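These are the residues of each chain, in order.
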Amino acid sequence: MKNKVLITGATGATGRNAIKTLLALNIPVRALVHKIDERSDELEKQGVEIFQGDLLDFEAVSKALEGIDTAYFVYPIQVPGILEATAFFAQAAIENGVNHILNMSQISARRIAKSHAAQNHWLAERLLDRSGVPVTHIRPTFFAEWLMYFADEIRLNNRIVLPFGDGVYAPIAAEDQGRVIAAILSNPKEHIGKTYPLYGPVEMSQYEIAAALSKELGRNIEYIPIPIENFKEVLSDRNFSPWFIQHISNVAQDCRDGIFAGTNKIVEELTGQAPLAIEDYISKNKKAFQN
């Protein structure tokens, strides 16, 4: 039997897609989930070992890593605590003899940044690099799933209201990231010490994304650029946390400044399959954008 893999954030977009590919490769998976619900039940039905716990609970993390060979670590951007969680994960990995950690970072991670999350992802990378456990980092640009935050606005009002100006990026779907994660975890030795920036196939502005939505949905979708300060009010009205609002507002400035721009062939090189174009992503998820 191949060595068991731990997937954190297992019911989230990247974790769920990584598990799908790992199971297809007959690699045993343990899933660390925050709570037991229908999503974890579905994973259990597929043969995944379910472990309930919190990444900020050292004892829970340590138990989750018992008997694990390699692990995928991801911490949600919606809440603070990534540095504590990273330190707990690294120490628990050391104590349990874990041979490799794959860390989800972000393309904007850097030492000096206005976004707390961008700075903290950079610090989290450094914590893991200095832990002594072999590590690989992935740094994706904006997920294609970003559109889902505004699916209601697209569905009901035929518009995207965002503060990204004319900034461009190459949206990458979670299913493509899941395949990359599975490829690295299934053969970690080739990837130790590497950092992979991950992009979709084509750089696009929000105007071009709106045009792609219009084409795939068969109706006109408009992109309405707004000031960042106004967008903060929109997020606050939708009850997003202050931490998330601070992060996304600075991410918006990063997008305007070109931090999220770029593209490459890494997804295809690691998985043997080109990443989804945004048109394909929209087509596969049409129901989310239609009345």
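Residues numbered from 1 in each chain as written. Predicted model: local features only at pLDDT ≥ 70, side-chain atom pairs only at ≥ 80, totals over all residues. Heavy atoms only, no water.

Draft legend 1. Highlighting helix 9 (residues 228-237). For helix 9, the set of buried residues is Ile228, Phe231 and Leu235. Around the axis of helix 9, the buried residues are gathered within 50° of arc, so they sit on the same side. Residues of helix 9 that are exposed and point over 90 degrees away from its buried face: Glu229, Glu233 and Asp237. The inward-facing, buried residues of helix 9 abut strand 7 (159-162) and helix 10 (242-256). Two residues or fewer past helix 9, asparagine 239 is found with a positive phi of approximately 70°. (Buried < 20%, exposed > 50% of the residue type's maximum accessible area, 1.4 Å probe, protein only. Helix = DSSP H or I, 4+ residues; strand = E, 2+ residues; numbered from the N terminus. Arc of directions from axis to C-beta. Contact = heavy atoms within 4.5 Å.)

Draft legend 2. The arrangement of the environment of glycine 193 in detail. Its location among the elements puts glycine 193 in the loop between helix 7 (174-186) and strand 9 (195-198). Between the C-alpha atoms of glycine 193 and asparagine 120, which are 73 residues apart in sequence, the distance is 19 Å. In this structure glycine 193 touches Val135 and Thr136, once residues within four positions along its chain are discounted.

Draft legend 3. Quick peek at the packing of helix 1 (residues 13-24) against helix 7. Taken N-terminus to C-terminus, the directions of helix 1 and helix 7 make an angle of 55°; their axes are 7 Å apart at the nearest point. Accordingly, the angle class assigned to the pair helix 1 and helix 7 is oblique. Between helix 1 and helix 7 lies a crossing whose hand is right-handed. Listed contacts from helix 7 to Ala13, Thr14, Asn17, Ala18, Thr21 and Leu22 of helix 1 are Ala174, Glu175, Gln177, Gly178, Arg179, Ile181, Ala182 and Leu185. The residue makeup of the contact of helix 1 with helix 7, split by class, is seven nonpolar, five polar and two charged. (Axes fitted to C-alpha atoms, helices over the stretch in contact; angles between N-to-C directions. Parallel < 35°, antiparallel > 145°, perpendicular 65-115°, else oblique. Left-handed = near helix turned anticlockwise from the far one by under 90°. Nonpolar A, V, L, I, M, F, W, Y, C, P; charged D, E, K, R; others polar.)

Draft legend 4. Representation of the side chain of serine 108 in the model. Inspection of the secondary structure puts serine 108 in the loop between strand 5 (100-104) and helix 5 (116-129). Polar contacts involving the side chain of serine 108 include one to the side chain of glutamine 106, which spans 2.5 Å. Once you skip the residues sitting within four places of it in the chain, serine 108 turns out to touch Ala118, Asp254, Ile259 and Phe260. (Polar contact = N/O pair within 3.5 Å; in protein donor to acceptor, adjacent residues only side chain to side chain.)

Draft legend 5. Local environment of the pattern of salt bridges. On inspection of all chains with the given rule, the structure shows 12 salt bridges. The shortest N-O distance in the salt bridge between arginine 126 and aspartate 129 comes to 2.8 Å. Within this pair, arginine 126 and its partner aspartate 129 are both found in helix 5, separated by three residues, close to a single helical turn. For arginine 159, the salt bridge is made with glutamate 153, and the minimal N-O distance between the two is 2.3 Å. It is possible to trace a salt-bridge network through shared partners that takes in Glu125, Arg126, Asp129 and Arg139. (Salt bridge = Lys/Arg side-chain N within 4 Å of Asp/Glu carboxyl O.)

Draft legend 6. The arrangement of unusual backbone geometry in detail. Its identity as a non-glycine residue notwithstanding, asparagine 26 has a phi of 60°, on the positive side. Here asparagine 26 falls in the exposed class, since its relative accessible area comes to 63%. The phi angle at asparagine 158 is positive, at roughly 55°, despite the residue not being glycine.

Draft legend 7. Local environment of helix 8 (residues 206-217). End to end, helix 8 covers 16 Å across 12 residues, agreeing with the expected 16 Å (1.5 Å per residue, within 8%). Among the residues of helix 8, those classed as buried are Gln206, Ile209, Ala210, Ala212, Leu213, Ser214, Glu216 and Leu217. Packed against the buried residues of helix 8 are helix 6 (151-157), strand 7, strand 8 (168-169), strand 10 (204-205), strand 11 (222-225) and helix 12 (278-284). Directly after helix 8, the chain includes glycine 218, whose backbone phi takes a positive value near 75°. (Expected span 1.5 Å × (residues − 1).)

Draft legend 8. View of the packing of aromatic side chains. In the structure shown here, the tally under the stated rule is 15 aromatic pairs. Taking the centre distance of 4.8 Å and the plane angle of 65° together, the rings of phenylalanine 142 and tyrosine 169 count as edge-to-face. Here phenylalanine 142 is found in the loop between strand 6 (135-140) and helix 6, whereas its partner tyrosine 169 is found in strand 8, with 27 residues between them in sequence. For tyrosine 169, a relative accessible area of 2% puts it in the buried group. (Phe/Tyr/Trp six-rings, centres within 6.5 Å; stacked < 30°, edge-to-face > 60°.)

Draft legend 9. Up close: the nonpolar core. Counting residues in each nonpolar core, the largest one holds 40 residues, and the members touching the most others are Leu147, Ile160, Phe164 and Leu213. Looking at this core, the elements with two or more residues in it are helix 6, strand 7, helix 8, helix 9, helix 10 and helix 12. In terms of residues, this core owes the most to one element, helix 10, which gives six residues. Excluding residues that lie within four positions of it along the chain, leucine 213 makes contacts with Leu147, Ile154, Ile160, Gly218, Ile221, Ile282 and Phe289. Core analysis: the next-biggest nonpolar cluster, separate from the first, contains 28 residues, Ala10, Ile172, Val180 and Ile184 among them. (Core = buried A, V, L, I, M, F, W, Y, C linked by side-chain atoms within 4.5 Å.)

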